[in-house]
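Each chain is listed here by its residues.
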2 protein chains.
Amino acid sequence: MESYKTLEKIFRKLNDINQASSSLQWDMAVTMPSGGAEARTAQIATLSSIHHAILSDEGVGDLLAQAKSNENKLNEWQKANLYEMGKTYNHSAAVPRKLVHELTKEGLNCEMVWRKAREANDFSMLKPNLEKVVKLVREKASIKAEAFEMTPYDALLDEYDRGRKSAQIDDIFDNLKGFLPDFIKAVVEKQASQPKIMELKGPFPIDQQKQLANKILESIGFNFKNGRLDESHHPFCGGYPGDVRITTRYDEENFLTAIMGVQHEAGHAMYEAGLPQKWRGQPVGDAHGMSIHESQSRLLEMQVCRSEEFMKFAAPLYKDAFGGKGRAWSADNLYRINTKVQPSLIRVDADEVTYSAHILMRYYMEKYLISGDMEVADIPDAWSQGMEKFLGIKPENDKDGCMQDIHWMDGTFGYFPTYTLGAIYAAQIFHTAKSADPAIINKISKGDFNPLMKWLGTNIHEQGSLYSADGLVEKATGKSLDVEIYKDHLKARYLGE
Amino acid sequence: MESYKTLEKIFRKLNDINQASSSLQWDMAVTMPSGGAEARTAQIATLSSIHHAILSDEGVGDLLAQAKSNENKLNEWQKANLYEMGKTYNHSAAVPRKLVHELTKEGLNCEMVWRKAREANDFSMLKPNLEKVVKLVREKASIKAEAFEMTPYDALLDEYDRGRKSAQIDDIFDNLKGFLPDFIKAVVEKQASQPKIMELKGPFPIDQQKQLANKILESIGFNFKNGRLDESHHPFCGGYPGDVRITTRYDEENFLTAIMGVQHEAGHAMYEAGLPQKWRGQPVGDAHGMSIHESQSRLLEMQVCRSEEFMKFAAPLYKDAFGGKGRAWSADNLYRINTKVQPSLIRVDADEVTYSAHILMRYYMEKYLISGDMEVADIPDAWSQGMEKFLGIKPENDKDGCMQDIHWMDGTFGYFPTYTLGAIYAAQIFHTAKSADPAIINKISKGDFNPLMKWLGTNIHEQGSLYSADGLVEKATGKSLDVEIYKDHLKARYLGE
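The residue numbering used here restarts from 1 in each chain and proceeds along that chain's sequence as written. As a convention, the first chain written is A and the first ligand written is 1, with the rest following in written order. Only residues with pLDDT of 70 or above have their local features reported here, since the model is predicted, and side-chain atom pairs are shown and tallied only from 80 upward, although totals for entire chains, interfaces and linings are computed over all residues. To obtain the side-chain values, all non-hydrogen atoms of the structure were used and water was disregarded.

Undergrad: Please give an account of the overall build of chain A that cites residues and values.
TA: Under the DSSP-based scheme used, a helix requires at least four consecutive residues in state H or I and a strand at least two consecutive residues in state E, with every element numbered from the N terminus. Of regular secondary structure, chain A possesses 20 helices and 3 strands. In terms of overall dimensions, chain A is globule-like: its C-alpha atoms have a radius of gyration of 22 Å, near the 23 Å expected for 497 residues. Along the longest, intermediate and shortest principal axes, the C-alpha atoms of chain A span 70 × 50 × 45 Å. Working definition: with a 1.4 Å probe on protein chains only, accessible area under 20% of the residue-type maximum means buried, over 50% means exposed, and in between means partly exposed. Taken across its 497 residues, chain A has 59% of its residues classed as buried. The charge count treats Lys and Arg as positive and Asp and Glu as negative. His and the chain ends do not count. One atom stands in for each charge, and that atom is NZ of Lys, CZ of Arg, CG of Asp or CD of Glu. Of note, chain A has its 60 positive side-chain charges centred 4 Å away from the centre of its 70 negative side-chain charges. Within these notes, the globule rule equals 2.2 Å times the number of residues to the 0.38 power, and the radius of gyration is based on C-alpha atoms.

Below, the structure is given as structure tokens:
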């Protein structure tokens, strides 16, 4: 018990460091002037080294072994906490400190260069930095692969989604690869035969958009005493329980970009805010891997906020916010705008259906980049080919092509598939929630998110990292991960089947 | 040489930690929602512990001894760097890690409670927290006093102003104590006999105030690529070279509060921005102790921005910003507003002359609080008595009395005297600068700060921590610290002598 208690202390300290680093990264994306980049990357790299050093130097390996051998004295949460500690330790202990430091530093450098290269639409400006990052990630992946006895790519998946294997993803994604292209065609065809969607005419003043975003966040139950809404180049949810910070970006010509960004990030935020109070600062009290995190954002953005029921509540709000007039602002027309399917270039702007096609393409590409079957120099061409194959369109430039996403820039490989896994989990979880409490969907049409958040709180948020991702969803929904529920949802919403 | 180089690496890491901590504190004061307080205090306390652990654990003491014994191989900057490293090490090594951690944590707690207690005007709410802080500071001071063979209060002074002794301060402050009361009376009397100052009529919209603040910062030479201007409860300058962040507070009824806050903090900011590029991340490349830092803010705010010459430039700017009309907006009337002397309750709003009286009172009080001749419970009464003695007025409540300042809340004792030392240095430095380059004062009346900043850059900013505070000023001005120059400045400006 004593060794376990010592581990809790050490992991509380590691949690402080992680949170500090997360806050510094939020600042870097939201408020930092450009002149601060060099100092900030050094700070974050140093914190990352210290994190690594604490795990290596304070006898954590021995403590874990001792605690493990006395595991029968621990309760269920403590056991799960110990498991998560072990996972963190293994990931850290496997990789030399120098490599960790290098990767953090080069990742932050590459991210800064990417911002400029993207603006200049110049892949060659980015290439040397991204090559450094990919080289270091491959190195890390192969070291972990050997230590964990798994493939290099699986070792990366394991960082974002404990225990996730590419074999499982291949099964699911191959299924979707067989389903999506024809489905997209069928939906596009069906929508083309329907009366024309009425466009919303801007401009939509940013201040009004911000007020609308605040109103929607309040309805969802976001507590501004424990969080913020800001602006950044790429929407994200940062922070931690007590201080959850979401960002979005505003476009005067299209307020839905900002609002849907907020709805998505609010899903992440409500999850963070609802994590078990009792286990704050311990690994088991943290949010689960990224596929569960993404299930919460997808659930809110896609399952809920693109539903006909939500639009009944939202349409008058949207209309009032911008002084909208006429049938373009009806719930029905807004629902049709939100569920319009159209292959397009930018992942974050994609509709619910084509989004997964973007992910499938990135998943296969990053597998090849890690295995060495593809090089950084090949990315632009591969991107064009992939877009054509998966979505039937080609980007005209790298800015709207392979340079649109931040992920690979800071060394985040193995993360992309969690978006679509999250969408699949979301369909399954929401399907169960609606059956469990019919009030959920009725109340949403009145802007009352309480029944939904209560159900999610109990069944997902408050579970922290007690179970595996698949285990959590099985416990919450009564069955294992089932891509067919996701497909049924899409067929029902988009083809009325 | 090798041991010195190793020390440079260690101190670069410590610098990263300090900067991270400073950024987290900035966020805490400017952007953090209240729910983040608990997590943030834990983060900062952990970083402080890690800083302390690195100094204790990585053989720094031995390395310092080795480097010291080979000091003849080091150049002047390296020697000064080694001296600063030794000072930092001694301050850290003297105090047990647990006490450091406690003090950081209790200081942050007390600061959070203070914000509420001040709002509620309830000293009893603050008292238990402040008592904890004072107890811990006394403990720290007496431990350091023994280690450094000096008085406990001198050991605290040494944290903010290397080598400063209360004996020197006593000399200077006793001199001022004999000068100020009569001088203040004489100035108030003289000003009462002059034609009435014309009031500026508000409201002054906050947006206009912000634009004006930005314009003035640009004239001064503040580079927004390497810094920001924000809002906080109490104006401060945070950050580090490359990312210097100043804050101010806005009052719709009085724009001068915000603008003078900006001018003051800009002095700090220009110093930080001008520190020697070559020594970034090393102790010798850091700003000197707080009395020199304060000399730069006082120089800009008091010597420059309250001068008749500056008002020639600023009056039209102020007038344009708010659509001002009539003689109230003349340079002459604005100068008289800025140099109006009037004993008042709030230190940060005090005029140039009475400000030092506020400091003298706090200096004597904190000496007694550290020596144990005064307790926290005595503060409200002592404050009233002090105000009456030094300024001839009494606060009606603790909010505008002993709870107005943040300093003691987080354990900052030994800092207050640096404000008046800074004002004295500022007078001496500006006196020399004006003689060295007569263009300085002429250009300021045209809004051109380049000659002044060039002189300050060469003589002060770029010197980093190469010399002692007194040594730096002696090198820059050709003579040792001389309170008479400060008094002469006051007599010239306020009595025309």
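Past the structure itself, the notes keep going.
Undergrad: I'd like a rundown of the packing of aromatic side chains, residues and numbers included.
TA: Residue and element names in this part refer to chain B. Note on aromatic contacts: the rings of Phe and Tyr and the six-membered ring of Trp form a pair at centre separations within 6.5 Å, being stacked when their planes are under 30 degrees apart, edge-to-face when over 60 apart, and tilted otherwise. Evaluated as defined, the whole model comprises 46 aromatic pairs over all chains. With centroids separated by 6.2 Å and ring planes inclined at 80 degrees, the aromatic side chains of Trp383 and Trp408 adopt a geometry described as edge-to-face. Placement of the pair is Trp383 in helix α15 (residues 379-391) and Trp408 in the loop between α15 and α16 (417-436), with a sequence separation of 25 residues. With respect to class, Trp383 is no different from Trp408; both count as buried. Seen in terms of ring centroids, Trp408 and Phe413 are 5.6 Å apart; in terms of plane orientation they differ by 0 degrees. Their pairing is stacked. Trp408 sits in the buried class, given a relative accessible area of 4%.

Undergrad: Describe the sheet that holds strand β1 (residues 227-231) of chain B, and please don't skip the residues or the numbers.
TA: Picture the strands of a sheet paired through backbone hydrogen bonds; they go either parallel or antiparallel. Residues and elements named next belong to chain B. We treat two strands as partners when DSSP finds at least two bridges between them. Ordered in space as β1-β3-β2, the 3 strands form an open sheet in which the pairing is mixed. For this open sheet the edge positions go to β1 and β2 (237-240), each flanked by a neighbour on one side alone. Pairs of neighbouring strands in the sheet enclose a mean axial angle of 15 degrees, with direction left out of account. Bridge analysis of β1 against strand β3 (residues 243-248) gives 5 bridges, and the strand direction is parallel. Residue pairing in the sheet places Leu229 in a bridge with Ile246 of β3. Here an angle of 0 to 180 degrees is reported between the N-to-C directions of two axes, which are lines fitted to C-alpha atoms, with helices fitted over the stretch in contact.

Undergrad: Lay out empty space enclosed by the protein in plain terms, naming residues and giving numbers.
TA: Residues and elements named next belong to chain A. Grid points spaced at 1 Å over the protein atoms alone were grouped into cavities, where a 1.4 Å probe fits but cannot get out, and pockets, open sets with protein on both sides within 12 Å along at least five of seven lines, with lining residues defined by an atom within 4 Å of a point. Grid points are joined across faces, edges and corners, and a volume is the space filled by probe spheres set on the points. In the structure shown here, the tally under the stated rule is 10 cavities of 30 Å³ or more. When its volume is computed, the largest cavity comes out at roughly 80 Å³. Taken together, Arg298, Met302, Gln303, Glu352, Tyr355, Ser356, Tyr419, Thr420, Ala423, Ala426 and Tyr486 form the lining of the largest cavity. For the lining of the largest cavity, the element with the highest residue contribution is helix α16 (residues 417-436), accounting for 4 residues. As a volume, the second largest cavity reaches approximately 50 Å³.

Undergrad: Run through the pattern of salt bridges, naming residues and quoting values.
TA: Any Lys or Arg side-chain nitrogen located within 4 Å of an Asp or Glu carboxyl oxygen qualifies as a salt bridge. The full count for this structure, using the stated rule, is 56 salt bridges over all chains. Here A:Arg306 and A:Glu301 are joined by a salt bridge, their closest N and O atoms 3.0 Å apart. Here the salt bridges do not stand alone but share partners, grouping A:Asp27, A:Arg40, B:Asp243 and B:Arg245 into one network.

Undergrad: Got a sec to walk through the relation of the copies chain A and chain B? Specific residues and values, please.
TA: When chain A is fitted onto chain B, the two copies agree to an RMSD of 0.0 Å after a turn of 180 degrees and an axial shift of 0.0 Å. The superposition of one copy onto the other is thereby described by a two-fold rotation axis. Same-surface contact between copies: 100% of interface residues of chain A are shared with the interface of chain B. Residues reaching a pLDDT of at least 70 in both copies supply the C-alpha atoms on which the copies are superposed by least squares. We call two residues in contact whenever any of their non-hydrogen atoms come within 4.5 Å of each other.

Undergrad: Lay out the side chain of A:Ser465 in plain terms, naming residues and giving numbers.
TA: Residues and elements named next belong to chain A. Note that Ser465 resides in the loop between α18 (450-459) and α19 (469-477). With a relative accessible area of 5%, Ser465 lands in the buried category. N or O atoms within 3.5 Å of each other form a polar contact, as long as, within protein, one can give a hydrogen and the other can take it, and as long as residues adjacent in sequence are counted only when both atoms are side-chain atoms. A distance of 3.4 Å separates a polar atom in the side chain of Ser465 from the backbone oxygen of Ala287. Contacts of Ser465, omitting those with residues within four sequence positions, involve Ala80, Glu84, Pro283, Val284, Asp286, Ala287 and His288.

Undergrad: Account for the environment of A:Phe222, with residues named and values stated.
TA: All names here are of chain A. Mapped onto the fold, Phe222 is located in the loop between α9 (206-220) and β1 (227-231). Taking the C-alpha atoms as reference, Phe222 lies 39 Å from Leu63; in sequence the two are 159 residues apart. Those residues in contact with Phe222 that lie beyond four places of it in its chain are Leu217, Gly227, Arg228, Val244, Ile246, Ala269 and Met270.

Undergrad: For the side chain of B:Gln296, give the residues involved together with the corresponding values.
TA: With respect to the element layout, B:Gln296 can be found in helix α11 (residues 290-304). Not counting chain neighbours up to four residues away, the residues in contact with B:Gln296 comprise B:Gly267, B:Tyr271, B:Ile429, B:Leu456, B:Ile460 and B:His461.

Undergrad: Explain the interface of chain A and chain B residue by residue, including any values.
TA: Of the residues lining the interface, 32 residues belong to chain A; the matching set on chain B comes to 32 residues. Once two parts are brought into contact, the accessible area they lose, counted with a 1.4 Å probe and summed over both, makes up the buried area. Here chain A meets chain B over a buried area of about 2300 Å², counting both sides, of which 58% is carbon and sulfur. When the buried area of chain A at its contact with chain B is split by residue, A:Asp16, A:Pro33 and A:Gln43 rank highest and sum to 20% of it. Taken together, the connections running from chain A to chain B amount to 2 salt bridges. Notably, a salt bridge pairs B:Asp27 with A:Arg245, separated by 2.7 Å at the nearest N-O pair. Scanning the region where chain A abuts chain B turns up 18 residue pairs in polar contact (both at pLDDT 80 or more). Only α1 (2-30), α2 (37-57), β1 and β3 (243-248) of chain A provide two or more residues apiece to the side of chain A that touches chain B. Considering each element in turn, the side of chain A that touches chain B owes the most residues, 9 residues, to α1(A). Split into classes, the residues belonging to the side of chain A that touches chain B amount to 13 nonpolar, 11 polar and 8 charged. Each residue gets one label: Ala, Val, Leu, Ile, Met, Phe, Trp, Tyr, Cys and Pro are nonpolar, Asp, Glu, Lys and Arg are charged, and the others, such as Gly, are polar.

Undergrad: I'd like a description of helix α5 (residues 97-119) of chain A, backed by residues and values.
TA: The end-to-end C-alpha separation of α5(A) is 33 Å, in line with the 33 Å expected for 23 residues at 1.5 Å each. A:Asn121 lies just past α5(A) and shows a positive phi near 50 degrees. Take the number of residues in a helix, subtract one, and multiply by 1.5 Å to get its expected span.

Undergrad: Could you give an account of the sheet that holds β1(A), with specific residues and numbers?
TA: Residue and element names in this part refer to chain A. In spatial order, the strands read β1-β3-β2; together these 3 strands make up an open sheet with mixed pairing. Bordering the open sheet on either side are β1 and β2 (237-240), each of which pairs with just one other strand. Shown here is a sheet whose adjacent strand axes are inclined to one another by a mean of 15 degrees, direction ignored. Sheet contacts for helix α10 (residues 255-273): β1, β2 and β3; angle to β3, the most-contacted strand, approximately 165 degrees.

Undergrad: Provide a residue-level description of the packing of helix α3 (residues 60-69) of chain B against helix α4 (residues 76-94) of chain B, including the pertinent values.
TA: Residue and element names in this part refer to chain B. Put simply, α3 and α4 touch, their axes get as near as 11 Å, and they point 150 degrees apart. Viewed along their axes, α3 and α4 adopt a mutual orientation that is roughly antiparallel. As for how α3 packs across α4, the hand of that crossing is left-handed. Within the contact between the two elements, α3 uses Val60, Gly61, Leu64, Ala67 and Lys68 and α4 uses Leu82, Met85, Gly86 and Tyr89. A breakdown of the residues in the contact of α3 with α4 according to their chemical character gives 6 nonpolar, 2 polar and 1 charged. To sort the angles, those under 35 degrees are grouped as roughly parallel, those over 145 as roughly antiparallel, those from 65 to 115 as roughly perpendicular, and the leftovers as oblique. Put simply, a crossing is left-handed when the front helix is turned counterclockwise from the back one by less than a right angle, and right-handed when it is turned clockwise.

Undergrad: Just give me the short version of the packing of α1(A) against helix α4 (residues 76-93) of chain A, but keep the residues and values in it.
TA: All names here are of chain A. Between α1 and α4, the least distance of the axes is 11 Å, while the angle of their chain directions is 55 degrees. Classified by the interaxial angle, the pair formed by α1 and α4 is oblique. The crossing of α1 and α4 is left-handed. Residues Tyr4, Lys5, Leu7, Glu8 and Phe11 of α1 form the contact with α4, whose own contacting residues are Gln78, Asn81, Leu82, Met85 and Thr88. The residue inventory of the contact of α1 with α4, partitioned by class, reads 5 nonpolar, 3 polar and 2 charged.

Undergrad: Would you mind going over the environment of B:Arg40 in detail, with residue names and values included?
TA: With respect to the element layout, B:Arg40 can be found in helix α2 (residues 37-57). C-alpha separation for the pair B:Arg40 and B:His268, spaced 228 residues apart in sequence, amounts to 26 Å. Here B:Arg40 is in contact with A:Ser23, A:Tyr240, A:Asp243, A:Arg245, B:Leu24, B:Asp27, B:Met28 and B:Met32, once residues within four sequence places are set aside.

Undergrad: Quick rundown of the pairing of β3(B)? Include the residues and the values.
TA: Residue and element names in this part refer to chain B. Along β3, 6 of the 6 residues are buried, which leaves the element largely enclosed by surrounding structure. The alternating pattern of β3 places Asp243, Arg245 and Thr247 and Val244, Ile246 and Thr248 on opposite faces, both of which are buried. Sheet topology note: the β2/β3 ladder contains 4 bridges and is antiparallel. Directly across from Gly239, in β3, lies its bridge partner Val244. Connecting β2 to the antiparallel partner β3 that follows it, the hairpin turn spans 2 residues, and Gly242 within it adopts a positive phi of roughly 100 degrees.

Undergrad: Describe the state of the cysteines, with residues and values.
TA: All names here are of chain A. For the purposes of this analysis, a disulfide is any pair of cysteine sulfur atoms at a distance within 2.5 Å. The tally for this structure, following the rule as stated, stands at 0 disulfides over all chains. Its sulfur unpaired, Cys305 is 15 Å from the next cysteine sulfur, which belongs to Cys237. The exposure class of Cys305 is buried, given its relative accessible area of 1%.

Undergrad: I'd love a proper account of unusual backbone geometry, names of residues and values included.
TA: Cis geometry is found at the peptide bond from A:Gly202 to A:Pro203, where omega equals -5 degrees. Checked against the element boundaries, A:Pro203 lands in the loop between α8 (166-192) and α9. Phi at B:Asn121 is positive, roughly 50 degrees, even though this residue is not glycine. You can see B:Asn121 is positioned in the loop between α5 (97-120) and α6 (123-148). Residue classification places B:Asn121 among the partly exposed positions, given a relative accessible area of 33%. Backbone geometry at B:Glu149 places phi at a positive 55 degrees, although glycine is not the residue there. Its place among the elements puts B:Glu149 in the loop between α6 and α7 (152-160).

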